[in-house]
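As a plain string of letters, each chain reads:
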Amino acid sequence: LPIHSAMAQEEDALESSERVLLILDSSGSMWGQIDGTPKYEIARDVVSELLGGWDSADQLGLMAYGHRREGDCSDIETLVPVGAFDYEVLNGAIQSTRPLGKTPLTTSLRQGAEVLGYTQAPGTIILLTDGLETCSGDPCATARELGAAGVNLQAHVIGFDLGDEDLSSLRCIADETGGTFHTADTAGELTEAFNAVIETALVPRNVTIRALDEEGLVVEDAIAWNIYSTTEEETVRVDVALAPEFMIALEPGSYRVDAARGDTDISRTFDVPEDEPVVVDVIFATGTVHLSARLASGMEPYSAILGWNIFPLADGAPRVATEAGDDTTFTLPAGQYRGVVSSEDLDVTFDIEFIGGEVTEQVVDLNAGLLNVSGVGPDGSETARHVSWTVYPAGQEGARSVAREIRRSTTFLLPAGSYRVVGTYQGEDVEFSVDLEAGASLDQRATFAAP
């Protein structure tokens, strides 16, 4: 199924937890003291304690900069690769670092993204620094570039004992990657900052979204994704991505994903339940749907010329297909769309799905009836000239008409409901009311004084 619960073969992949890289500042300024204790010792002890309670399901790695050589902007090392959580290995690496060198934030950020494989899978960077860039880089611009190219790469920044420094470049790193920014001036505040990141940012990614080809394989090229939260009140974009497959953390609710691949745009809706991972497959293949209409459920197809139009789900998106006839067939890229079938006096909106590689039938219930009106003279014979017919909704004074026609006799296809009908002939108005049921064909005559 294009959208399905991942409780079978997908379960293991979806339950793979967060991939996190800690980047720790070991520059010379970390020798600075707070209440008589070097900052690097405070940071080392806080992180060590946090690791003791870390979710062992996470994949966690460690990077440090400035810990080996003075004045060397290339002094950046992955101490522990991102992999299965191992407290002893991680803590041992943290305890071994000593502050010495520069603060190459820009290069560390880029290397950290590469360690996480940011173009291939989601990942999270937690960067602890007690200073700004000292190696002529532009961390804000780099964060913007990584955020645009990455698969849900988020960088959370914790500024430690920054004093009166201009924090805009650090805050920008978080803003450009969808991360969070925190400051801390004491050991207690540093613990709170780390906990805030862990509690609010490291939410398990419970939804996998994939672009598939006709054979059900993940495509190799980039897909432009926009994910929206949809409610009765509003539609709000909650995330974007570029990779053909990615994971995202979403709260329970209703969503729409728009996917663009070259000139092909596909929309799909899906629901996220409580405590259950979900896979959303968007199939880039064509599907065919044969459409017909009937007045009401259980009736034979309605035979009359109707207008058929197909639109993407996105609000305001232009029509992608149109045809006229009592029935019609469309072939479009697989996905969910909004259809509208129309006659002169009726518009019915319906949901339609094109399934890649399949031909399906869909009958649209118009929930409508036929109102047949005719004008006759005093002798009961048809009027000599045309009658002007106007149909209004019943019980709504001043309401606009819903249908008009100038003929001796005519048939209106109208939604089921109550109406007020006015026939005008030779200056005379004849008015009557009708209750039209779905599937009904109702005959009404208006008798006029003039022949």
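Look above for the structure.
Residues numbered from 1 in each chain as written. Predicted model: local features only at pLDDT ≥ 70, side-chain atom pairs only at ≥ 80, totals over all residues. Heavy atoms only, no water.

Asker: Can you explain the sheet that holds strand β2 (residues 19-25)? Please cite residues and give values.
Answerer: Within a sheet, each strand pairs with its neighbour through backbone hydrogen bonds, oriented either parallel or antiparallel. Taken together, 6 strands build an open sheet; the order of strands is β6-β5-β2-β7-β8-β9 and the sheet is mixed. Every interior strand has two partners, whereas the edge strands, β6 (76-84) and β9 (181-184), have only one. With strand direction ignored, the average angle separating the axes of adjacent strands in the sheet is 15°. Bridge count for strand β8 (residues 153-160) against β9 is 4 bridges, and the pairing is parallel. By the bridge assignment for β9, valine 157 is matched with phenylalanine 181. Strand contacts of helix α4 (residues 105-115): β2, β5 (59-65), β6, β7 (123-129) and β8, with the helix running at about 155° to β5, the strand carrying the most contacts. (Pairing = 2+ DSSP bridges. Helix = DSSP H or I, 4+ residues; strand = E, 2+ residues; numbered from the N terminus. Axes fitted to C-alpha atoms, helices over the stretch in contact; angles between N-to-C directions. Contact = heavy atoms within 4.5 Å.)

Asker: If you had to explain the sheet that holds strand β17 (residues 286-294) to someone new, which residues and values would you point to?
Answerer: With mixed pairing, the 3 strands of this open sheet are ordered in space as β20-β17-β23. Each end of this open sheet is capped by a strand with a single partner; those strands are β20 (327-333) and β23 (359-365). Adjacent strand axes in the sheet meet at a mean angle of 25° when their direction is disregarded. In this sheet, β20 lies alongside β17 in antiparallel orientation, the contact comprising 7 bridges. For glycine 287, the partnering residue across the bridge sits in β20 and is leucine 332.

Asker: Break down the pattern of salt bridges for me, with residues and values.
Answerer: Tallying each qualifying case throughout the model produces 14 salt bridges. In this structure, arginine 210 and aspartate 281 form a salt bridge, with 2.7 Å as the shortest nitrogen-oxygen distance. You can see arginine 210 sitting in strand β10 (residues 207-212) and its partner aspartate 281 sitting in strand β16 (residues 278-283), a full 71 residues away along the chain. Residue arginine 210 is classed as buried on the basis of its relative accessible area, which comes to 13%. When its relative accessible area of 5% is taken as the criterion, aspartate 281 is described as buried. A single network of salt bridges, built from pairs that share partners, joins Lys39, Asp130 and Asp161. (Salt bridge = Lys/Arg side-chain N within 4 Å of Asp/Glu carboxyl O. Buried < 20%, exposed > 50% of the residue type's maximum accessible area, 1.4 Å probe, protein only.)

Asker: I'd love a proper account of the environment of asparagine 226, names of residues and values included.
Answerer: Among the secondary structure elements, asparagine 226 is positioned in strand β11 (residues 224-230). Separated by 65 residues in the primary sequence, asparagine 226 and aspartate 161 have C-alpha atoms spaced 38 Å apart. Polar side-chain contacts of asparagine 226 include one of 2.8 Å to the side chain of arginine 237. (Polar contact = N/O pair within 3.5 Å; in protein donor to acceptor, adjacent residues only side chain to side chain.)

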